[in-house]
Amino acid sequence: MCGIVGYIGDEQAAPILLNGLTKLEYRGYDSAGVAVYDGAEIRMEKVSGRLARLKELTDGGLTLPGTIGIGHTRWATHGSPSDTNAHPHFNSDRSIIVVHNGIIENYSALKQDLIRRGYEFVSETDTEVLAHLLDRYYRKYKSPLEALTRVMQKVEGSYALGILFKDFPGQIFSARKDSPLIVGQSPEGNFIASDVPAILQYTRDVFYMNNEEIAVLSRNEIKFYNVDEELLEKTAVRIDWDINAAEKGGYEHFFLKEVYEQPKAIRDTISPRIHENEIVIEELGMTDEEICRVGKIMIVACGSAYHTGVMAKYIFEGLARVPVEVDLASEYRYRDPIFDRNTLVIIVSQSGETADSLAALRESGANGQKVLGIVNVVGSSIAREADNVMYTWAGPEISVATTKAYSAQLAAFYLLALKFGLARGAMSRDSYQALLDDLKRLPEQMEAILKDRQQIQRFANRYLAADHIFFIGRGIDYAISLEGSLKLKEISYIHSEAYAAGELKHGTISLIEEGTLVVAISTQESLYPKTVSNIEEVKTRGAFVMALTSEDNRDIEKVSDFTVYIPKTNRYFAGSLAILPLQLFAYYVSLGRGLDVDKPRNLAKSVTVE
Ligand code: F6R
């Protein structure tokens, strides 16, 4: 987590840094800071709280002269979100200053050693160790590059760094290991950043940094080195994103904008992969024979991406008759999984930088597993390290709570399951064709649901003061419950739980009392009577039931108090429609409670720590 930026060029640096940090706030937003060098003095301003406070304090950066600088927006790991713990961090004589994204795992031992050597610490952060360690090696070797490589060899953990040395007024030093970092190049100046949107306004020519690489930026030149200080040749990549995709475009929140972008995200993900009614996924890198040899699929991910895996299990097993295991990346990496050469591991990630998912990928690769990444951010670590990568073309997702990337991940799974189903002979060509037609219709059906959001808003407004909300469903509807519940709790701070509808009576039903809201999802025809019985069970105990079902199940109104209908589609794809009202419900509860929908407390968009 945390976002870093750096700029060296002709313009005043601070406004550019603040602008870049605005685009990185999704990575952390509990404190922020900038440091700018005007050739005489390194000036620093940092504050706890949102970036807006820093902007106010520096009059949008105008009070800080200088054309070279670094900036940081923080998601606290070591030390509370205070002014002192905010980045940047200086060494003692204020001649070296550092911004850092990542975690220095051996910081405690390093700190003790530095204290023994007479270094004094002012913050509780792991990052301050870097500033003092750089100082120690710089004094010894007199070369900033040598000091940096020594530090890199000494520290354990992850980092993306931006560093200024007072003795080198024309340079920014930067390095990365296991935290994202890009370097941007333009005729007017050069940049470092944690992510592309931070610099997209200034340049589209970007170098992706690999692990343990160093970049030294001056006004007209960028040099890359490895830890042995050998020069590296790197080629810039041209970014062709639409810049507006990273702006709110008239919506009050990115969340709502991204909810409305879901039909497009699905279209963009499926259309390029359907040629003359045939699904073609070249990037899968597997022949039909290889697909037939797959004995098991292992889906590994975190959070909402994990929920797409739970859904994919039902879909792959139903359509392609291939066994699927789904695991949370944070569990998988430490549970000593059993590897087998016929298992296909699929790592799902919007950001492509989630630390646990990346570690799961590496663990699988080290054990000889073939790994497919389903990733949204082009050029991210998971995309680059997986054997094959299938991109979800959702575009940049800014709101911390995912919506369109989640939907695009589901679409990627639909394509894969259909492809596997046909290749493995688990479905007839006619069924394949019918499913493909349903899949192509999904974006239009989503648009129809999104046309009417007022009824959900009105309903949500009745639940602004709820303490607990339950989501229940069976099969695919259970997978949707998991996501609906997570969306609600993360942006509304209302406690909520998702339960397999049949499981409620084994304990949790004791929590249902007069007026408890239970959101019951029932899109699966064969399970409909069972879910209706479960609704009756909670109603008998006083629950208020919001039912979410297909438009031909009107008789559900006999047991529900409020019903939302979605158009009829194939049962395997119903989740993509059912999730929309649940996202809107979470949005309007959060809005009604006056919360920061796009940046909920304690969270960050890209979770690059364990
Ligand atoms: C929830 C949410 C998170 C992410 C999770 C994985 O709205 O966004 O649960 O899904 O942190 O992130 P990625 O997909 O970037 O690996």
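For clarity, every value in this text was computed on a predicted model and none was experimentally measured.

Chemist: Explain the pattern of salt bridges to me, please; I cannot follow it from the model alone.
Modeler: Note that side chains of opposite charge can pair when their charged atoms are close. This structure, assessed with the given rule, holds 32 salt bridges. Among the ionic pairs, Glu317 bridges to Lys313, the shortest N-O distance being 3.0 Å. Within this pair, Glu317 and its partner Lys313 are both found in helix H9 (residues 303-320), separated by 4 residues, close to a single helical turn. Residues joined by salt bridges that share partners form a network here, namely Lys177, Asp178, Arg362 and Glu385.

Chemist: Explanation requested: the sheet that holds strand E11 (residues 205-208) in the structure shown.
Modeler: Strand order across the open sheet formed by 8 strands is E3-E2-E4-E1-E10-E9-E11-E15, with antiparallel pairing between neighbours. Only two strands of the sheet have a single neighbouring strand rather than two, namely strand E3 (42-48) and strand E15 (237-238).

Chemist: Would you mind going over the environment of Tyr260 with me for this structure?
Modeler: Inspection of the secondary structure puts Tyr260 in helix H6 (residues 254-260). Between the C-alpha atom of Tyr260 and that of Pro65, which follows or precedes it by 195 residues, the distance is 41 Å. The contact partners of Tyr260, leaving out residues within four places of it in the chain, are Tyr251, Leu450, Arg453 and Leu584. There is a polar contact of 3.3 Å between the side chain of Tyr260 and the side chain of Arg453.

Chemist: What is the right way to look at the pairing of strand E13 (residues 222-225) in this model?
Modeler: Bridging between strand E12 (residues 213-217) and E13 involves 4 bridges; their strand directions are antiparallel. Each residue of the ladder has a partner; that of Ile214, found in E13, is Tyr225. In textbook terms, the turn of a hairpin is the stretch between consecutive antiparallel strands, and for E12 and E13 this stretch comprises 4 residues. Alignment of E13 against strand E14 (residues 231-232), held across 2 bridges, turns out to be antiparallel. Its bridge partner being in E14, Phe224 is matched across the sheet by Leu232. The hairpin formed by E13 and E14 contains 5 residues between the paired strands, and Glu229 there has a positive phi angle of roughly 65 degrees.

Chemist: Could you clarify how one ought to interpret helix H7 (residues 262-270) in this entry?
Modeler: The periodicity of an α-helix, 3.6 residues per turn, causes residues three or four positions apart to be oriented the same way. Taken together, the buried positions of H7 are Gln262, Pro263, Ala265, Ile266, Thr269 and Ile270. The buried side chains of H7 occupy one side of the element, clustering within an arc of 160 degrees when seen end-on.

Chemist: Just checking my understanding: could you explain the nonpolar core for this structure?
Modeler: Across soluble globular proteins, nonpolar side chains show a tendency to be buried alongside one another. Formed by 92 residues in total, the largest nonpolar core has its most connected members in Phe316, Ile346, Leu416, Leu418, Phe420 and Phe585. Residue contributions to this core peak at 12 residues, all from helix H13 (residues 404-423). The residue makeup of this core includes at least three contributed by each of domain 2 (249-450) and domain 3 (454-592). Ignoring any residue separated from it by four or fewer positions in sequence, one finds Phe585 in contact with Ile456, Phe459, Ala460, Tyr463, Ile469, Leu488 and Leu517. In this structure, Val98, Leu114, Leu130 and Val155 belong to the second largest nonpolar core, which totals 30 residues.

Chemist: Help me understand the domain arrangement of the protein chain in this model?
Modeler: A common way to express how large an interface is: the accessible area buried when the components associate. Each assigned domain of the protein chain is listed here: domain 1 (3-240), domain 2 (249-450) and domain 3 (454-592). Just the C-alpha atoms count here: the centres of domain 2 and domain 3 sit 25 Å apart. Listed as interface residues are 33 residues of domain 2 and, on the opposing side, 28 residues of domain 3. Buried area between domain 2 and domain 3, both sides added, is near 2700 Å², and the carbon and sulfur share of it is 73%.

Chemist: What is the right way to look at the sheet that holds strand E27 (residues 562-566) in this model?
Modeler: Strand pairing in a sheet takes place through backbone hydrogen bonds and is either antiparallel or parallel in direction. Strand order in the open sheet formed by 5 strands is E24-E23-E25-E26-E27, with parallel pairing between adjacent strands. Two strands bound the open sheet, and with one partner strand each, they are strand E24 (495-500) and E27. Strand-to-strand, the axes of this sheet are offset by a mean angle of 15 degrees, without reference to chain direction. Here 6 bridges tie strand E25 (residues 517-522) to strand E26 (residues 544-550), and the two strands are oriented parallel to one another.

Chemist: How should helix H17 (residues 528-540) be read in this particular structure?
Modeler: Between its terminal C-alpha atoms H17 stretches 18 Å, which fits the 18 Å expected from 13 residues at 1.5 Å a residue. When we look at burial in H17, the residues that qualify are Tyr528, Thr531, Val532, Asn534, Ile535 and Val538. Across the axial projection of H17, the buried residues extend over an arc of 160 degrees, all falling on one side. Counted as exposed and oriented over 90 degrees from the buried face of H17: Pro529 and Thr540. Each element contacted by the buried residues of H17 is listed here: strand E23 (468-473), E25 and E26. Gly542 sits one or two positions beyond H17 and adopts a positive phi of about 100 degrees.

Chemist: Help me out: how do you make sense of the side chain of Gln350 in this one?
Modeler: With respect to the element layout, Gln350 can be found in the loop between strand E20 (343-349) and helix H11 (355-366). According to the relative accessible area criterion, Gln350 is buried, its value standing at 13%. One polar contact links Gln350 to Asn376, side chain to side chain, over a distance of 3.1 Å. Ignoring anything within four residues of it in the chain, the contact list for Gln350 reads Val375, Asn376, Val377, Glu397, Ala405, Gln409 and Lys605.

Chemist: Even after reading the chapter, I still don't get unusual backbone geometry, so can you show me in this structure?
Modeler: If a residue is not glycine, its phi is most likely negative; likewise, a peptide bond is most likely trans. Look at the link from His87 to Pro88: it is a cis peptide, with omega at 0 degrees. For Pro88, the location among the structural elements is in the loop between strand E4 (68-74) and strand E5 (89-90). Not every positive phi belongs to a glycine, and Arg94 is a case in point at roughly 55 degrees. With respect to the helices and strands, Arg94 occurs in the loop between E5 and strand E6 (96-101).

Chemist: Hey, could you run me through the packing of H7 against helix H14 (residues 429-451) in this one?
Modeler: When two helices pack together, their arrangement is given by the angle between the helix axes and by the axis-to-axis distance. It is at 8 Å that the axes of H7 and H14 come closest, and there the two elements cross at 170 degrees. Regarding the angle of H7 to H14, the classification is roughly antiparallel. In this structure, H7 contributes Gln262, Pro263, Ile266, Arg267 and Ile270 to the contact, and H14 contributes Leu439, Lys440, Pro443, Glu444, Met446, Glu447 and Leu450. In the contact of H7 with H14, the residues fall into 7 nonpolar, 1 polar and 4 charged.

Chemist: Is there a simple way to think about the packing of aromatic side chains in this case?
Modeler: The geometry of two aromatic rings is summed up by the distance between their centres and the angle between their planes. Scanning all chains against the criterion turns up 21 aromatic pairs. Here Phe316 and Phe420 contribute two aromatic rings whose centre-to-centre distance is 5.7 Å and whose plane-to-plane angle is 80 degrees, an arrangement assigned as edge-to-face. Of this pair, Phe316 sits in helix H9 while Phe420 sits in helix H13, and the two are 104 residues apart along the sequence. Grouping residues by exposure puts Phe316 and Phe420 together as buried. Put simply, the rings of Phe459, Tyr463, Phe544, Phe562 and Phe585 touch in pairs and so form one group of aromatic residues. Directly above the aromatic system of Phe224 lies the positively charged group of Lys234, at a separation of 5.8 Å from the ring centroid. Across from the ring centre of Tyr565, 3.8 Å away, lies the NZ or CZ of Arg554, which sits over that ring.

What counts and how
- Residues numbered from 1 in each chain as written.
- Predicted model: local features only at pLDDT ≥ 70, side-chain atom pairs only at ≥ 80, totals over all residues.
- Heavy atoms only, no water.
- Salt bridge = Lys/Arg side-chain N within 4 Å of Asp/Glu carboxyl O.
- Helix = DSSP H or I, 4+ residues; strand = E, 2+ residues; numbered from the N terminus.
- Pairing = 2+ DSSP bridges.
- Contact = heavy atoms within 4.5 Å.
- Polar contact = N/O pair within 3.5 Å; in protein donor to acceptor, adjacent residues only side chain to side chain.
- Buried < 20%, exposed > 50% of the residue type's maximum accessible area, 1.4 Å probe, protein only.
- Arc of directions from axis to C-beta.
- Core = buried A, V, L, I, M, F, W, Y, C linked by side-chain atoms within 4.5 Å.
- Domains from an automatic or database assignment.
- Buried area = accessible area lost by both parts, 1.4 Å probe.
- Axes fitted to C-alpha atoms, helices over the stretch in contact; angles between N-to-C directions.
- Expected span 1.5 Å × (residues − 1).
- Parallel < 35°, antiparallel > 145°, perpendicular 65-115°, else oblique.
- Nonpolar A, V, L, I, M, F, W, Y, C, P; charged D, E, K, R; others polar.
- Phe/Tyr/Trp six-rings, centres within 6.5 Å; stacked < 30°, edge-to-face > 60°.
- Lys NZ or Arg CZ within 6 Å of the ring centre and 35° of its normal.

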